[in-house]
Amino acid sequence: MNANTKTENQALSRTVLELDVNNHAGVMSHVVGLFSRRAYNVEGILVMPVGNGETSRIWLMVNEEARLEQMVKQVEKLEDVLAVRRHGATHEVFERMEEYFR
Amino acid sequence: MSSNKTETLSGAQIVVRLLERQGVRTLSGIPGGAILPIYDALSQSTLIHHVLARHEQGAGFFAQGMARATGLPAVCMASSGPGATNLVTAIADAKLDSIPLVAITGQVPKSMIGTDAFQEVDTYGLTIPITKHNFLVGSAEELLDVIPHAFRLAASGRPGPVLVDIPKDVQNQRIEVSEWPEPGVAVPVPVADTGRIASAAAMINEAERPILYLGGGVVHSGASALAVALAEKASLPSVMTLMALGAMPVDHPLSLGMLGMHGARCTNLALDECDLLIAVGARFDDRATGKVAAFCPQAKIIHIDIDPSELDKVKTAHVGIMGDVRNVLEQLTPQVKAIIRAPWLTRVAELKTNHPLRMPGIDDPRTPYGLIRAVADCLDDEATIATDVGQHQMWVAQAYPLRRPRQWLTSGGLGTMGFGLPAAIGAALAEPERTVVCFTGDGSILMNVQEFATAAEEDANVKVVLMNNASLGLVFQQQTLFYGERIFASKYKGMPDFIKVAEGFGWQALDLDQASDPLAALGKALHSRGPVLIHVSIDMREQVLPMVAPGAANKDMIGG
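Residues numbered from 1 in each chain as written. Chains lettered and ligands numbered in written order. Predicted model: local features only at pLDDT ≥ 70, side-chain atom pairs only at ≥ 80, totals over all residues. Heavy atoms only, no water.

Novice: Sorry if this is basic, but what is going on with the overall build of chain A here?
Specialist: Within chain A one finds four helices and four strands. Counting helices and strands in the order they occur from the N terminus, chain A gives α-β-α-β-β-α-β-α. Going through the 102 residues of chain A one by one, you find that 36% of them count as buried. Of the contacts made within chain A by residues no fewer than 6 positions apart, 73% connect residues no fewer than 24 positions apart. Counting only carbon and sulfur atoms, one obtains 49% of the accessible surface of chain A, whose full area is about 6200 Å². (Helix = DSSP H or I, 4+ residues; strand = E, 2+ residues; numbered from the N terminus. Buried < 20%, exposed > 50% of the residue type's maximum accessible area, 1.4 Å probe, protein only. Contact = heavy atoms within 4.5 Å. Areas by Shrake-Rupley, 256 points an atom, 1.4 Å probe, with all protein chains shown as cover.)

Novice: Explain the overall build of chain B here, please?
Specialist: If you tally the helices and strands in chain B, you get 22 helices and 22 strands. For chain B, the C-alpha radius of gyration of 24 Å lies close to 24 Å, the compact-globule estimate for 560 residues. Expressed along its principal axes, the backbone C-alpha trace of chain B runs to roughly 70 × 65 × 40 Å. Looking at chain B as a whole, 59% of its 560 residues are labelled buried. Counting contacts in chain B only where the partners sit at least 6 residues apart, residues at least 24 apart contribute 75% of the total. (Rg over C-alpha atoms; globule rule 2.2 N^0.38 Å.)

Novice: I'm lost on the packing of aromatic side chains in this one. Help?
Specialist: By convention here, two paired aromatic rings are described through the distance between centres and the angle between planes. Residue and element names in this part refer to chain B. This model, assessed by the stated rule, comprises eight aromatic pairs over all chains. The interplanar angle of 85 degrees and the centroid separation of 6.2 Å between the aromatic rings of F284 and F295 together place this pair among those described as edge-to-face. With F284 in the loop between β12 (276-280) and α12 (286-289) and F295 in the loop between α12 and β13 (300-305), this pair connects stretches of sequence that are 11 residues apart. Across the pair, exposure class does not vary: F284 and F295 are buried alike. Ring geometry for Y400 versus F439: centroids 6.4 Å apart, planes at 65 degrees, classification edge-to-face. Pair noted here: Y400 is in the loop between α16 (391-399) and β16 (408-409) and F439 is in strand β17 (residues 436-441), with a separation of 39 residues, a long-range link. Clustering of aromatic rings is evident, with ring pairs tying together Y213, F284 and F295. (Phe/Tyr/Trp six-rings, centres within 6.5 Å; stacked < 30°, edge-to-face > 60°.)

Novice: For this particular structure, what's the right way to read the interface of chain A and chain B?
Specialist: Often, the extent of an interface is quoted as the loss of accessible area upon association of its parts. The partner chain B presents 14 residues to the 13 residues of chain A that form the contact. Together chain A and chain B conceal approximately 970 Å² of surface at their shared face, both sides included; 51% is due to carbon and sulfur atoms. Together, H30, K73 and E79 of chain A form the three largest contributors to the area buried by chain A at its contact with chain B, with a combined 53%. Across the pair K77 of chain A and D307 of chain B runs a salt bridge whose closest N-O atoms are separated by 2.6 Å. Taken together, the elements giving at least two residues each to the side of chain A that touches chain B come down to α2 (27-36) and α3 (68-77) of chain A. A total of four residues in the side of chain A that touches chain B trace back to one element, the largest contributor, which is α3 of chain A. A per-class count over the side of chain A that touches chain B returns two nonpolar, six polar and five charged. (Buried area = accessible area lost by both parts, 1.4 Å probe. Salt bridge = Lys/Arg side-chain N within 4 Å of Asp/Glu carboxyl O. Nonpolar A, V, L, I, M, F, W, Y, C, P; charged D, E, K, R; others polar.)

Novice: Whenever I open this one, the nonpolar core confuses me. Can you help?
Specialist: Looking at soluble globular proteins, one finds that nonpolar side chains tend to be buried together. All names here are of chain B. L214, L332, V375, Y400 and F439 are the most contacted members of the largest nonpolar core, which has 72 residues in total. Top contributing element to this core by residue count: helix α15 (residues 368-378), with seven residues. In this view, Y400 contacts V250, I372, V375, A376, L379, I385, W395, Q407 and F439; residues no more than four positions away in its chain are not counted. L421, A460, V462 and L466 belong to the second largest nonpolar core, which has 44 residues in total. (Core = buried A, V, L, I, M, F, W, Y, C linked by side-chain atoms within 4.5 Å.)

Novice: Hey, could you run me through the sheet that holds β17 of chain B in this one?
Specialist: Within a sheet, adjacent strands bond to each other through the backbone by hydrogen bonds, running parallel or antiparallel. Spatially, six strands are ordered β16-β15-β17-β18-β20-β19 (chain B) in an open sheet, and the strand pairing comes out parallel. Whereas interior strands pair on both sides, the edge strands pair on one side only; in this sheet they are β16 and β19 (508-511) of chain B. (Pairing = 2+ DSSP bridges.)

Novice: It is not clear to me how the sheet that holds strand β10 (residues 238-240) of chain B should be interpreted in this structure. Could you clarify?
Specialist: All names here are of chain B. Taken in spatial order, the six strands line up as β11-β10-β9-β12-β13-β14 in an open sheet, and their pairing is parallel. The outermost strands of the open sheet, each flanked by one partner alone, are β11 (255-258) and β14 (319-322). Pairwise comparison of adjacent strand axes, ignoring direction, gives a mean angle of 15 degrees for this sheet. By the bridge criterion, three bridges tie strand β9 (residues 210-214) to β10 in an arrangement that is parallel. Each residue of the ladder has a partner; that of L214, found in β10, is M240. Against the sheet, helix α13 (residues 325-335) makes contact with β12, β13 and β14, and its axis sits at roughly 125 degrees relative to β13, the strand it touches most. (Axes fitted to C-alpha atoms, helices over the stretch in contact; angles between N-to-C directions.)

Novice: Can you walk me through the pattern of salt bridges in this structure?
Specialist: Between side chains of opposite charge, a pair can form as their charged atoms come close. The final tally for this structure, using the stated rule, is 28 salt bridges over all chains. With its nearest N and O atoms 2.6 Å apart, the salt bridge here joins E350 of chain B to R347 of chain B. In this pair, E350 of chain B and R347 of chain B are both assigned in helix α14 (residues 342-354), three residues apart and thus about one turn of the helix distant. One salt bridge connects R434 of chain B with E382 of chain B, and the closest N-O pair in it is separated by 2.9 Å. Taken together, the residues span a long stretch of sequence, with R434 of chain B in the loop between α17 (420-430) and β17 and E382 of chain B in the loop between α15 and β15 (384-387) at a distance of 52 residues. With relative accessibility at 13%, the residue R434 of chain B sits in the buried group. What emerges from the salt-bridge pattern is a single network uniting K77 of chain A together with R158, D307, E310 and K313 of chain B.

Novice: In this structure, what is going on with the layout of surface pockets? I would like to understand it.
Specialist: Gaps left between atoms show up when a probe the size of a water molecule is rolled over them. Size it by volume and the second largest pocket reaches roughly 1200 Å³. Taken together, 43 residues line the second largest pocket, and the ones lying closest to its centre are Q74 and K77 of chain A together with K95, K132 and D307 of chain B. Counting residues per element, the ones that place at least two in the lining of the second largest pocket are α2 and α3 of chain A together with α4 (82-96) of chain B. The greatest single-element share of the lining of the second largest pocket, amounting to five residues, is contributed by α2 of chain A. Looking at side-chain class alone, the lining of the second largest pocket contains 17 nonpolar, 14 polar and 12 charged residues. Mapping the lining of the second largest pocket onto the domain boundaries places at least three of its residues in each of domain 1 (2-180) and domain 2 (194-354) of chain B. (1 Å grid on protein atoms, 1.4 Å probe; cavity = no way out; pocket = protein on both sides within 12 Å on 5 of 7 lines; lining within 4 Å. Points joined across faces, edges and corners; volume = space filled by probe spheres on them. Domains from an automatic or database assignment.)

Novice: Would you mind showing me how to read unusual backbone geometry here?
Specialist: Generally, phi is negative for residues other than glycine and the peptide bonds are trans, each holding for most cases. All names here are of chain B. The residue after L545, namely P546, is reached through a cis peptide bond having omega -5 degrees. Among the structural elements, P546 can be located in the loop between β20 (532-537) and β21 (547-548). At D459, a position not held by glycine, the phi torsion is positive, near 50 degrees.

Novice: Help me out: how do you make sense of helix α8 (residues 194-206) of chain B in this one?
Specialist: Because each turn of an α-helix spans 3.6 residues, side chains separated by three or four positions in sequence point in the same direction. All names here are of chain B. With 13 residues, α8 ought to run about 18 Å at 1.5 Å a step, and its terminal C-alpha atoms sit 18 Å apart, in line with that. Residues of α8 that are buried: I197, A200, A201, M203, I204 and N205. The inward-facing, buried residues of α8 contact α10 (224-234), β12, β13, β14 and α13. (Expected span 1.5 Å × (residues − 1).)

Novice: Would you explain the UniProt feature "domain: Thiamine pyrophosphate enzyme central" (unreviewed entry) in chain B in this entry?
Specialist: Taking the UniProt record as the reference, the feature "domain: Thiamine pyrophosphate enzyme central" (unreviewed entry) is found at residues 197-332 of chain B. Taken end to end, residues 197-332 of chain B has its terminal C-alpha atoms 6 Å apart, with 35% of it in helix and 20% in strand. (UniProt positions renumbered as here; feature names shortened; annotations may be inferred.)

What follows is the structure, given as structure tokens:
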């Protein structure tokens, strides 16, 4: 598989979700639990505190599936999730991380 | 925050004070090491009556019975470890049926969390997928926020269970409290989109063969009268889910009763012909829809729900309206034309005549339908009807003339055997003036039979009607119908003497099998005060019919 094909493939099949969440123990578990209980694999996860650390931002890379709409609605329902934004697969947050995964 | 004089209080005292301020007057639980500080504080409360369950699952279902009967969040408590794990089934049941519950568990001290301490279990982790939200409380100060927050979450939007796990050192931590938070109550849901409501009204006005499909959300939102008014104005034949029974009186001319796996033929056949399905607070559960692709195949769909994640989850709606169904119906009904849909109502009447629910033995109180009818004939609509899970549950759902929202307490989504007795006791504790009848089976009753002791202790006004077929009836039925009559592990070889069991717990007991005048004996038992067991033998070959095979289309019904 050449580089182009790989990028195109990812553009078709992946989505990046950006979540603003409260920053305390257990929040990550609430979020990923929604995926794991549906046997929906999370391909990539990044999380760091934002500002004074009261909130965090979680970046999730997931495969684009018919269930994704439902997943987003479920994530939005979580009490500790403040906002959810959707991005295309080529969002640079994961691309810039790639150098740590070589 | 309301100001008061400054007091130095422990976390445990703060919890009890917050529960009192919340209006909690009855709660249930079982004490143990990790929750003893809260129990010590509770012992000093003059406002809260604590009901000592015999198993934490019983405490969970007492709270559910209280919450289902009143619509208000109810509280159960348990200690750490096995206390908490025993609550899990009742919490999961509340999640699936959207019942507002606040579960409070003790936890080992913070310094010991993660050390495999005695009676330590990851209660927070265990309850993430079965609660609306859960908390592991880190300090006594946090309690002032967390407890009202838990009640607010349990009651707001789509109701559900919330768990608060409190480490023992947090319960013992003493802090100064000078201000108290306001009690947590349901926050209003944003007003629904008026454009979508107008579109829905237009669709209803244009439809030729519409059906109103009522779910548990109608009961939760207190919108039963509004739903009936909409049906009457627009001449909408109406079906109810298991959870919605009582929202429209089942003998209302527009009622088609319960839909789905054990719905009447006329009900499922009418759905098969409808051109518009108006789903109100219903979630297209597989027991209601059967094979989804074949459910209402000709119909456009209007879906009204308070939970946005229910819209388009199973069936894509032509118009999806997110909102409290009471609020939506208040706006929708005035925009709907008053129509007499003569051709459609004639067709539905024809289906009802040609394919009614068949209730063999209705006049014989020693048959399933006859017994249910006889019980109903002894009572009025003020009685509350609970069930366990199995054949008896479906027979009662089909045949009992439910006419009042919150009259009907049953475990719908999780289908928990063992639900009935403690839920009935909880309802009797919440509304002691009512007679609460629990229909149960010989399989279900043994799953929480220990709560006979609690009912006797509390003198709960509960009548348990035990339909004893010496088997796990629905399993027996499915093995008969779908597994080549290979009956395995569904017949009981040993059978307790339930009359002695009940009497041993301090109950009155009636064996209808031995009664020379069963109707008179039944009436006397149902009208006597306090807990009474009514035992009736049922033929194990009796089936709940019609039945849609799991995964099949609703129009392909077996029997009935």
